[in-house]
Amino acid sequence: MRKPKVIVLRTAGTNCDGETAFAFERVGARTELVHINQIIRKEKSLLEYDILAIPGGFTYGDDISAGKILANELKYILREELESFLREKRPIIGICNGFQVLVKAGILPGNGFKQKVTLTYNDSGKFEDRWVYLRTPEHQSTSAPVKCIWTKNLPEIIELPVAHGEGKFVADKEVIEELKKNGQIVFQYVDREGNLAGYPYNPNGSLESIAGICDETGLILGLMPHPERHIDYLQHPRWVRERHFGKGDGLKIFRNGVEYVKKNL
Amino acid sequence: MIYSIEVKIKEDFFDSHREGLKRDILDLGISSVQAVEVAQIYFLKGEVSEKDLKKICINLLTDPLTQEFKISASLSQQACSAGEFIFVVAYNPGVMDPWEESTLKGIRDLGIEGIEAIRTAKKYVLKGILTQKELNFILDKLLVNKTVQHILAKDTDFIFGNPEYKFKLITVDILSADKKKLREISLQGQLFLNDAEMFQIKKYFEKIRRNPTDCELETIAQTWSEHCKHKTLRGRIEYREVTSNQRRLVKKINNLLKETIMKVTEELHKPWCVSVFKDNSGVIRFDEDYNICFKVETHNHPSALEPYGGANTGIGGVIRDPLGTGLGAKPIANTDVFCFGPPDYPYGKLPPGTLHPKRIMKGVVAGVRDYGNKMGIPTVNGAVIFDECYIGNPLVYCGTIGLIPKDKSFKKVVPGDLIVLVGGRTGRDGIHGATFSSAELTVESEKISASAVQMGNPITEKKMVDTLLKARDLGLYHAITDCGGGGLSSAVGEMGENCGARVDLDKVPLKYKGLSYTEIWISEAQERMILAVPEKNLDRLLEIFEQENVEASVIGEFTNDKHLRLFYTGNLVCDLEMEFLHHGLPDIVRKAVWEKKKFPEPRFPCPEDLNNILLKILSSYNVCSKEWIIRQYDHEVQGGSVIKPLVGINNDGPSDAAVIRPRLDSPKGIVISCGINPKYGEIDPYWMAGSCIDEALRQIIAVGGSLKEVAILDNFCWGNTNKPDRLGSLVRCAFGCYTMAKDYGVPFISGKDSLNNEYKIGKKSISIPGTLLISAIGIIEDVSHCITLDLKNPKNLIYIVGETFPELGGSEYYHLLGYLGNSVPQVNPKKGRRLMEALSRAINKGLVLSCHDCSEGGIGVTLAEMAFSGGWGMEIFLGEVPYKIKNLRNDFILFSESNTRFIVEVERKKKKEFEKELRGIPLGLLGCVSEDRFLKIYGVDGKMIICLDIDTLKEAWQSPLKL
């Protein structure tokens, strides 16, 4: 069977590209780190790839606001190519800065390239690196079932690290209701027992403790936590204590994306 | 036309920056500010239509959900109504504005042309009844740093303006200058050259029968600066040592570094040391394919003046060291160690011209955070020391570890290679940084040396790293080095030392016009590297940089004439022989004296309430949790972190050392730690060296490392070593380094010194205590054997490994009681090595579940940290501690800071095996982990002396640094 091909999109200030590619390779994908200039100059095309991954980092220094300048490049320069990519139902994942980009380009939560929600400064007013508990879609409190292709068969609670200064999810009430109704809220920050809780469990003050959302088709996932930083047990902060050897919680997310491509594309 | 755009968070939306500022003002003791507003200002210079301007605001500068914007005509002239103070704080002209480039790009991406330049600023509105004095206090202490910022007056034009430069060759008449005049030339030119050096220069120009140009003098000053040449540590020293019993030792030293630090490495002759003391960082072997390099630098003076920019460029600079090693290493981890004044220091006591320690700390942490995080390099290890001695001179140590392919570990310039400058543009930032670091700070420093301070732009550096590593892997250049202190002058000067170089200074790309040829040559503008490129590879090389928007320019070539020749628009502005430049430094003999001071050993009875003492020590700034700092660093990017800086049941216990995997597909790792304890050095710098090395090695052992492949780095931060007592203590410290490292079998691979850390108030000069930092790096074969400090399970046994002596001199316990004492902790490195090797074997056999070393605060603090990190209590019997104390005192056993000691947790079923493994090593079975949450310690007489629940202990430890 052919190996699904993943483009890990880079530009100035991208910095989680290496480990994101490594995670995809672990689950049987071929990956390529591609600079956005190569796409803009038509040396490469998004359509050569099955999955688009926008990794974490500080693209263009997060100047003005996190992810904004890359978001505008996608929105104003690469729009047509992206629209074709979306039309062909190929999956997209945006992690941390990548999530900020997808949101600010108006690709999440709905396409149309109009920004509906935002990710802004943490309530704590500073960048923080910490591990969080996430309640996964099949166990959400929200009403509608979530159809995200990236999050099938995850345990009820997973652990991943966050590392950001602008991760507070903000949207109008109506938009949040719509996300709930459509089953687009994928991950929520919770405490160890799985209950919604305040800081530091919700590390940034996100409304409804939202850590990740998908689009209506379930193909596009954006999340603030870093699944690529928990693909084996040695990355977990308490592996020495808890000794649950094996794969990390994040790996399954990458596997789901790759499996989807194998089955459907 | 200049457009002013104001963007702020919508009124009804929570603004964390606004809240933070309110807190900071309250912190200053001013409670009359009712409300604050903060807005981001963009000044756009150029011509665009109103429609396009709106488009820029809506589609680029404003977040549609949280922010709103206003386009205003004359922003600086807004009227203040009663009880409302409005001001705009902008960067000074010539200071790098990191947002400029990205905002310009953002506008172009919208398809809008016509904006040619951008500057940003912050607007503040304070509401409340404030006196002018209070207002000035807020401005001065919080909002404006005059070194890099100013309050905008009416005119916004000038922040863009820079006058044209017209070439005029300047020569300096030194041929006719007498001693007084020579001194004046050195002073006025900020050359910081002493009499002997100025005289040597005069002699050289007499020989070639002409006066030097300003550029030649500057080049010599940069090259001969302490920062670049380390002339004190490499120069001749006459050392005299007087110990208390009138024993005298007189020693002539030809080169202190060669006779101590480097001698260890030479004598140990480890096959895994690949390149030491030669390149920009020390290189050791990692595995079959890769080597590891490590360098630690300091950026003290700049951080004292502008904490954010100083620390920011400090980390930016040290990242370029591994990048400039061999043919370039990929940076994989950062370390940082700071020494500050106490954060609660009274404002009224601050010497004039100094910033408050809290502001310095916040600025430094933010500077390291922003640069390290944006570069995508995890900051994994560090330490913070608080002491009043650092009020005028904070210390900022930054380190970077790099991973480099074996076959890319060496460089060689070939004559004929082109000199290619890559990375950021050159501006007036950082002029005289290298020479300025040789000066003592004064109240005037912020004015005269302001240009020595710079702001970094991490994204410029990140782009450069990404592309350089590509070019490296394609083998497109012969050599690389970084532009650090001394700028192009040092970089080109050093690379061309053995062959010669010519440079056309007008080919250097500038941030703005107006720079003279000399300014271009010595600017320390950040994010630049120099490459030696064979002509045949040039096109391919330039293409790689161009593909990712990195600027690269050919500025000259390496020659074969052993001269350094510089041209500006065809005019020769500098022509120096490399031989003179690099070896012409006069041979000066410096005097050094170390006199053993006898500090009184305090006499006092053992306090009744040791609970209270333990809580107070846990709450001391030096012992307490540094989580507030650590969490602000991304310590996990690149995915390789195995033992994180914060560990334990709630991920908040203090890890002894960091372990990372540089290659995600291999179990092999590296362990990083550090040792620093200036208090011991005040008593005896020899034993400070011993303690620092012992501590760094202990931490490596504690997480499961071994001594087999461990290398160390030295960083000496001292006062003015032209004064014999300062130099004397440094020499004694270096002797300590030699003996300890040699007997522990750990080679030095790199190091750096920063001298002249003194602050002058009037005639009085206040020196920092000589502060040695030892950074250690070790290889771990299989990281899955690593352990952490947090207690794992009830009923397990608790041992102490190592002997306790009545060594409380310089301890946290004495400090708490207001004493220094004389009984500084000593080290027996031969015994210590045996102990660490045995314990390391036991850990690697899986016999130990947790391990924590004893350092500041002694056994008491170690036990408390293990307990609250693991969420379990302990029952401990102090009578079982192997001690050498005649006058048995519970407080001494509990808080002595003797070296080479560990507390370990062992499963009952592994008792025999563990004890067998440690046969011959001083060992005490202290007690066990209990099921409740109490730390109970029984004294030597069997009575309970400590009984505290772990939440109380943890609270005491966590509360001081929650800012």
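Computed from a prediction, not measured in an experiment: that's the story for all the values here.

Asks: So, the overall build of chain A: which residues are in play, and what are the values?
Replies: Helix and strand counts for chain A stand at eight helices and eleven strands. In terms of its C-alpha atoms, chain A occupies a principal-axis envelope of roughly 50 × 40 × 35 Å. Sorting the 265 residues of chain A into buried and exposed places 69% on the buried side. For chain A, the share of sequence-separated contacts (at least 6 apart) that also reach a separation of at least 24 residues comes to 77%. Of the accessible surface of chain A, which amounts to about 8700 Å², a share of 46% is contributed by carbon and sulfur atoms.

Asks: Quick rundown of the sheet that holds strand β28 (residues 710-717) of chain B? Include the residues and the values.
Replies: Residue and element names in this part refer to chain B. Taken in spatial order, the six strands of this open sheet run β23-β26-β27-β32-β28-β29, and their pairing is mixed. Unpaired on one side and paired on the other, β23 (641-643) and β29 (748-754) mark the two borders of the sheet. Shown here is a sheet whose adjacent strand axes are inclined to one another by a mean of 20 degrees, direction ignored. Bridging between strand β26 (residues 658-660) and strand β27 (residues 669-676) involves three bridges; their strand directions are antiparallel. Bridge assignment links Ala 658 to a residue of β27, and that residue is Ile 672.

Asks: Hey, could you go over the pairing of strand β11 (residues 220-223) of chain A for me, with residue numbers and the actual values?
Replies: Residues and elements named next belong to chain A. Residue alternation in β11 divides its side chains into two sets, Ile 220 and Gly 222 and Leu 221 and Leu 223, and both sets are buried. Pairing geometry for strand β4 (residues 92-95) and β11, over four bridges, is parallel. Looking across to β11, one finds that Gly 94 is bridged to Gly 222. Relative to β11, strand β10 (residues 210-214) is paired through three bridges, and the arrangement is antiparallel. Bridge pairing in β11 places Cys 214 opposite Leu 221. Between β10 and β11, which pair antiparallel and follow one another directly, the connecting turn spans five residues, one of which, Gly 218, has a positive phi of 85 degrees.

Asks: Account for a positive patch on the surface, with residues named and values stated.
Replies: On the surface, Arg 26, Lys 247, Lys 252 and Arg 255 of chain A cluster together into a positively charged patch. As for its position among the elements, Lys 252 of chain A is in helix α8 (residues 251-264).

Asks: Please give an account of helix α20 (residues 538-547) of chain B that cites residues and values.
Replies: All names here are of chain B. Within α20 the residues assigned to the buried category are Leu 538, Leu 541, Ile 544 and Phe 545. With its buried residues spanning 130 degrees around the axis, α20 presents them on a single face. As for α20, its buried residues are in contact with β15 (418-423), α17 (458-473), β18 (528-533) and β19 (552-558). Following α20 by one or two positions, Asn 549 has its phi on the positive side, about 55 degrees.

Asks: Lay out the pairing of strand β33 (residues 797-801) of chain B with the relevant residues and their values.
Replies: All names here are of chain B. The buried fraction of β33 amounts to five of the five residues, a majority that puts the element mostly inside the structure. Burial along β33 is two-sided: the face carrying Leu 797, Tyr 799 and Val 801 and the face carrying Ile 798 and Ile 800 are both buried. In this structure, β33 lies alongside strand β36 (residues 902-906), joined through five bridges in antiparallel fashion. If you follow Ile 800 over to β36, its bridge partner there is Ile 903. Of the strand pairs in this sheet, β33 and strand β37 (residues 923-930) are connected by five bridges, and their pairing is antiparallel. When the bridges of β37 are listed, Leu 797 appears paired with Cys 928.

Asks: Just give me the short version of the side chain of Glu 627 of chain B, but keep the residues and values in it.
Replies: Among the structural elements, Glu 627 of chain B can be located in helix α23 (residues 627-630). Accessibility expressed as a relative area gives 17% for Glu 627 of chain B, which makes it buried. Not counting chain neighbours up to four residues away, the residues in contact with Glu 627 of chain B comprise Arg 130 of chain A together with Leu 646, Asp 652 and Gln 958 of chain B.

Asks: Can you explain the packing of aromatic side chains? Please cite residues and give values.
Replies: For the structure shown, the criterion picks out 31 aromatic pairs over all chains. Relative to Phe 245 of chain A, the ring of Tyr 233 of chain A lies with its centre 4.9 Å away and its plane at 80 degrees, an arrangement referred to as edge-to-face. Pair noted here: Tyr 233 of chain A is in the loop between β11 and α7 (239-242) and Phe 245 of chain A is in the loop between α7 and α8, with a separation of twelve residues, a long-range link. Note on Tyr 813 of chain B and Tyr 814 of chain B: the rings are 6.4 Å apart at their centroids and 35 degrees apart in plane angle, and the pair reads as tilted. The exposure class assigned to Tyr 813 of chain B is buried, which follows from its relative accessible area of 0%. Following the ring pairs from residue to residue traces out a cluster consisting of Phe 604, Tyr 813, Tyr 814, Tyr 819, Phe 892 and Phe 895 of chain B. The side chain of Lys 668 of chain B reaches across the aromatic face of Phe 286 of chain B, ending 5.8 Å from its centre.

Asks: Could you give an account of the domain arrangement of chain B, naming the residues involved and the relevant values?
Replies: Domain annotation for chain B reports domain 1 (2-159) and domain 2 (610-958). Taking the mean C-alpha position of each, domain 1 of chain B and domain 2 of chain B sit 46 Å from one another.

Asks: Any details on the packing of helix α22 (residues 610-618) of chain B against helix α32 (residues 950-958) of chain B? Residues and values, ideally.
Replies: Residue and element names in this part refer to chain B. It is at 7 Å that the axes of α22 and α32 come closest, and there the two elements cross at 40 degrees. Classified by the interaxial angle, the pair formed by α22 and α32 is oblique. Contacts from Leu 614, Leu 615 and Leu 618 of α22 reach α32 at Thr 952, Leu 953, Ala 956 and Trp 957. Residues that form the contact of α22 with α32 fall into these classes: six nonpolar, one polar and no charged.

Rules behind the numbers
Residues numbered from 1 in each chain as written. Chains lettered and ligands numbered in written order. Predicted model: local features only at pLDDT ≥ 70, side-chain atom pairs only at ≥ 80, totals over all residues. Heavy atoms only, no water. Helix = DSSP H or I, 4+ residues; strand = E, 2+ residues; numbered from the N terminus. Buried < 20%, exposed > 50% of the residue type's maximum accessible area, 1.4 Å probe, protein only. Contact = heavy atoms within 4.5 Å. Areas by Shrake-Rupley, 256 points an atom, 1.4 Å probe, with all protein chains shown as cover. Pairing = 2+ DSSP bridges. Axes fitted to C-alpha atoms, helices over the stretch in contact; angles between N-to-C directions. Patch = residues over 30% accessible without salt bridge, like charges linked within 9 Å, V, L, I, M, F, W, Y side chains within 5 Å. Salt bridge = Lys/Arg side-chain N within 4 Å of Asp/Glu carboxyl O. Lys, Arg positive; Asp, Glu negative; His and termini not counted. Charge placed at Lys NZ, Arg CZ, Asp CG, Glu CD. Arc of directions from axis to C-beta. Phe/Tyr/Trp six-rings, centres within 6.5 Å; stacked < 30°, edge-to-face > 60°. Lys NZ or Arg CZ within 6 Å of the ring centre and 35° of its normal. Domains from an automatic or database assignment. Parallel < 35°, antiparallel > 145°, perpendicular 65-115°, else oblique. Nonpolar A, V, L, I, M, F, W, Y, C, P; charged D, E, K, R; others polar.

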